[in-house]
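# Close look at the chain arrangement
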Amino acid sequence: MSGDKRVHTSVPDTETAIDRNLPEFPAAKPIDEDNYFRLHKPPPYLSQISRDVADFINYHHLQKRKIVLVTSGGTTVPLENNTVRFIDNFSAGTRGATSAEYFLENGYAVVFLHREFSLLPYSRHYSHTTNCFLDYMTESEDGKVEVNAEFQKEMIVVLRKYRHAQNNNLLLLVPFTTVHQYLFTLKLIAQELSVIGSDALFYLAAAVSDFFLPSSRVPEHKIQSQESGGKLVVDLEPVPKFLSRLVDSWAPISMIVSFKLETDSSILIKKAKGALERYNHQLVIGNLLQSRKYEVVFVTKDSERWVRLSKDQVDAGIDIESLIIPEVIKLHKSSIEEKKKMGL
Ligand code: 9Z3
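Please read all numbers here as calculations on a predicted model, not as lab measurements.

Ranked by internal contacts, the top residues of the largest apolar core, which has 91 residues, are F103, Y182, F202, Y203, I285 and V328. For F103, the residues in contact, after removing those within four places along its chain, are V68, V70, Y108, V110, L201, Y203, I325, V328 and I329.

The next thing to look at is the UniProt feature "domain: DNA/pantothenate metabolism flavoprotein C-terminal" (unreviewed entry) in the protein chain. In this numbering, the UniProt entry assigns the feature "domain: DNA/pantothenate metabolism flavoprotein C-terminal" (unreviewed entry) to residues 65–116 and 199–314. For residues 65–116, the end-to-end C-alpha separation is 26 Å, with 23% helix and 37% strand making up the annotated structure. The span residues 199–314 is 22% helix and 30% strand, and its two end C-alpha atoms sit 33 Å from each other.

Glancing now at the site of the ligand. Near the ligand, the surroundings consist of 15 residues, among which S91, G93, A205, K260 and N287 are the closest. Within the contact set of the ligand, an oxygen atom lies 2.9 Å away from a backbone nitrogen or oxygen of R95. A distance of 2.7 Å separates an oxygen atom of the ligand from a polar side-chain atom of K260. Secondary-structure elements contributing two or more residues to the shell around the ligand are helix 3 (94–105) and strand 11 (255–262). The leading source of residues in the shell around the ligand is strand 11, at three residues. Taken together, the residues of the shell around the ligand break down into eight nonpolar, four polar and three charged.

Moving on, we come to unusual backbone geometry. In this model, F117 sits at a positive phi of 75°, which is unusual for a non-glycine residue. When you line up the elements, F117 lands in the loop between strand 4 (109–115) and helix 4 (124–127). The phi torsion at Y122 lies on the positive side, around 70°, for a residue other than glycine.

So, on to the side chain of S258. Tracing the backbone shows S258 in strand 11. Of the polar contacts made by the side chain of S258, one reaches the side chain of H281; its length is 2.9 Å. Once you skip the residues sitting within four places of it in the chain, S258 turns out to touch L204, L243, H281, L283, V284 and I285.

This part takes up the environment of Y59. Turning to its location among the elements, Y59 is positioned in helix 2 (residues 46–62). As a C-alpha pair, Y59 and N280 span 221 residues in sequence and 31 Å in three-dimensional space. Among residues more than four places away in sequence, those in contact with Y59 are N168 and N169.

What follows deals with the packing of aromatic side chains. Within this structure, the stated rule accounts for 13 aromatic pairs. Summarising the aromatic geometry, the rings of Y136 and F151 are spaced 4.7 Å apart at their centres and angled 65° between planes, so their arrangement reads as edge-to-face. Placement of Y136 in the loop between helix 4 and strand 5 (137–139) and of F151 in helix 5 (residues 149–167) is noted, with a sequence separation of 15 residues between them. By the burial criterion, Y136 is buried, and F151 matches it. Directly above the ring of F298 sits R305, whose terminal nitrogen or CZ lies 5.8 Å from the centroid.

Here we take up the pattern of salt bridges. For the coordinates displayed, the defined rule picks out 15 salt bridges. Across the pair E80 and R85 runs a salt bridge, and its minimum N-O distance is 2.6 Å. Residue R85 is classed as partly exposed on the basis of its relative accessible area of 31%. Between E304 and K273 there is a salt bridge whose closest N-O contact spans 3.2 Å. Of this pair, E304 sits in strand 14 (residues 303–308) while K273 is found in helix 8 (residues 268–279), placing the two residues 31 residues apart along the sequence. Judged by relative accessible area, E304 falls into the partly exposed class, the value being 45%. Among the residues examined, K273 registers a relative accessible area of 23% and is labelled partly exposed. Overlapping salt bridges, with partners in common, bring together E33, D34 and R245 in one network.

Moving on, we get to a nonpolar patch on the surface. Taken together, the side chains of I87, L232 and V234 define a hydrophobic patch exposed on the protein surface, amounting to about 230 Å² of accessible area. Counting through the fold element by element, V234 comes out in the loop between strand 9 (211–212) and strand 10 (237–238). Given a relative accessible area of 37%, V234 falls into the partly exposed group.

Mapped onto the secondary structure, F212 falls in strand 9. A residue is classified by how much of its surface remains accessible, and F212, at 2% relative accessible area, is buried. Taking the C-alpha atoms as reference points, F212 and L104, 108 residues apart in sequence, are found 33 Å from one another.

Definitions and limits used
Residues numbered from 1 in each chain as written. Predicted model: local features only at pLDDT ≥ 70, side-chain atom pairs only at ≥ 80, totals over all residues. Heavy atoms only, no water. Core = buried A, V, L, I, M, F, W, Y, C linked by side-chain atoms within 4.5 Å. Buried < 20%, exposed > 50% of the residue type's maximum accessible area, 1.4 Å probe, protein only. Contact = heavy atoms within 4.5 Å. UniProt positions renumbered as here; feature names shortened; annotations may be inferred. Helix = DSSP H or I, 4+ residues; strand = E, 2+ residues; numbered from the N terminus. Near = heavy atom within 4 Å. Polar contact = N/O pair within 3.5 Å; in protein donor to acceptor, adjacent residues only side chain to side chain. Nonpolar A, V, L, I, M, F, W, Y, C, P; charged D, E, K, R; others polar. Phe/Tyr/Trp six-rings, centres within 6.5 Å; stacked < 30°, edge-to-face > 60°. Lys NZ or Arg CZ within 6 Å of the ring centre and 35° of its normal. Salt bridge = Lys/Arg side-chain N within 4 Å of Asp/Glu carboxyl O. Patch = residues over 30% accessible without salt bridge, like charges linked within 9 Å, V, L, I, M, F, W, Y side chains within 5 Å. Areas by Shrake-Rupley, 256 points an atom, 1.4 Å probe, with all protein chains shown as cover.

Given below as structure tokens:
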């Protein structure tokens, strides 16, 4: 028997297998966001997450600590309820996990909404590297397991920061796997965070699918290739533009930073500006898949500014997040002052 009380999202929820009573998902309309939450069942574990998040927010709000929601990793779109096949979005979780560490260093408490089993703050230094974690270990002369001498210096720094976050309850890990779980959990956390208004910051680095399969159309069992003449034709719907709900009604006073990922450099800024105009939030950080670890562009309504690591910084292994996060925090501070002046 396992004593693990944590929520896990990667095992499909087969009890909510295809429900033919649900109405067919209507074609795309401007009210899609509301329809989505009306026509889909929330994940069954959501009330547990709600309690954990509410406790975390109350605890830090009492201590006047700012709270950031960092989203990280890619969402999946399952093609079957007992999921064998799914569509995935690219993201290792490096941006989110690394950013969370720099927010923690700068005094924020962090709700880390992440794809289960993607990179996590602190453990990321050791968990998904090409080294097996056992390569960090060595056996001492008296038969004890120890950390290899060459890793001691770096590991003690990471270990101290990790313990500090743990001992002070500064980091709340909340998992998702599917885009469905992501949307319901984001909505829940946003509504709970809205209680602290401008002291909350949303930093949306997760790679969220633009398409999904409405639950009314998800088959219960593995799709059989013989039944469809060997072809698989997938007909997906656009994911509702949840960002507009986040900005307008879930957390209207908080500062929202979203990421825009492109692979074609000639459209990055245009797409980032388009997102700002569409959702009316404060900042889009644009990045290209190919260069995301070395350069990003901060796009606001009236400015665009590249933030880049120099060659020396790249060679020294500096994280670009160590440049991004202080800039974001500066903008959050001015946003708080502005909102306070407006009496919000
Ligand atoms: C990003 O652009 C992230 O920076 C990356 C990070 C996914 C590139 P890694 O985890 O990668 O370090 O491997 N995230 C946002 C991606 C996204 O789906 N954005 C949507 C869009 O571009 C808006 S929410 O339309």
